[in-house]
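Given next are the chains, with one letter for each unit.
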Amino acid sequence: QVQLVESGGGLVQAGGSLRLSCAASGRTFSTYNMGWFRQAPGKEREFVASVNWSGGSTYYAASVKGRFTISRDSAKNTVYLQMNSLKPEDTAVYCCAAQLKYYSISDYLKGYDYWGQGTQVTVSS
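In this text, all values refer to a predicted model and were calculated from it rather than measured experimentally.

### So, the pattern of salt bridges
Applying the stated criterion to the full structure yields three salt bridges. The residue Glu 46 makes a salt bridge to Arg 38 at a minimum N-O spacing of 2.6 Å. Of the residues examined, Glu 46 reaches a relative accessible area of 35% and is grouped as partly exposed. Exposure remark for Arg 38: the relative accessible area of 5% places this residue in the buried category. Across the pair Asp 90 and Arg 38 runs a salt bridge whose closest N-O atoms are separated by 2.9 Å. Here Asp 90, found in the loop between β8 (78-83) and β9 (92-100), pairs with Arg 38, found in strand β4 (residues 32-39); they are 52 residues apart in sequence, far enough to count as distant.

### Focus: the state of the cysteines
For the structure on display, the rule yields one disulfide. Disulfide pairing is shown between Cys 22 and Cys 96; the S-S distance is 1.9 Å. Looking along the S-S bond of the Cys 22-Cys 96 disulfide, the torsion reads about 55°, which is the right-handed sense. Within this pair, whereas Cys 22 is found in strand β3 (residues 18-24), its partner Cys 96 is found in strand β9, the two being separated by 74 residues in sequence.

Parameters and conventions
- Residues numbered from 1 in each chain as written.
- Predicted model: local features only at pLDDT ≥ 70, side-chain atom pairs only at ≥ 80, totals over all residues.
- Heavy atoms only, no water.
- Salt bridge = Lys/Arg side-chain N within 4 Å of Asp/Glu carboxyl O.
- Buried < 20%, exposed > 50% of the residue type's maximum accessible area, 1.4 Å probe, protein only.
- Helix = DSSP H or I, 4+ residues; strand = E, 2+ residues; numbered from the N terminus.
- Disulfide = S-S within 2.5 Å.

Structure, rendered in structure tokens:
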């Protein structure tokens, strides 16, 4: 079992930055790839970014590549999403999720068995 708790969301103006954090419980953090997903009102959940179990590989959705950076700190059992140059269309609830490390991080449709509750990000124009 892995429990995930997100933090760091809020209201920011377009062009601004936020850093989201996702704290994981348990001693098996290194067993999992970690991903960020988001869901805007009336829309389906979409993949944002993922990082592999060691932190050595990352993968991004085209809509955020070059603006967002995912990273992880194994000593703190925490994964981060640094979001720069935010746009109103980035407004959504952002959730982190854990995927067993045997999956490829580009295979974001499979294997995400544990999810956090999410944190709201609102970008005003």
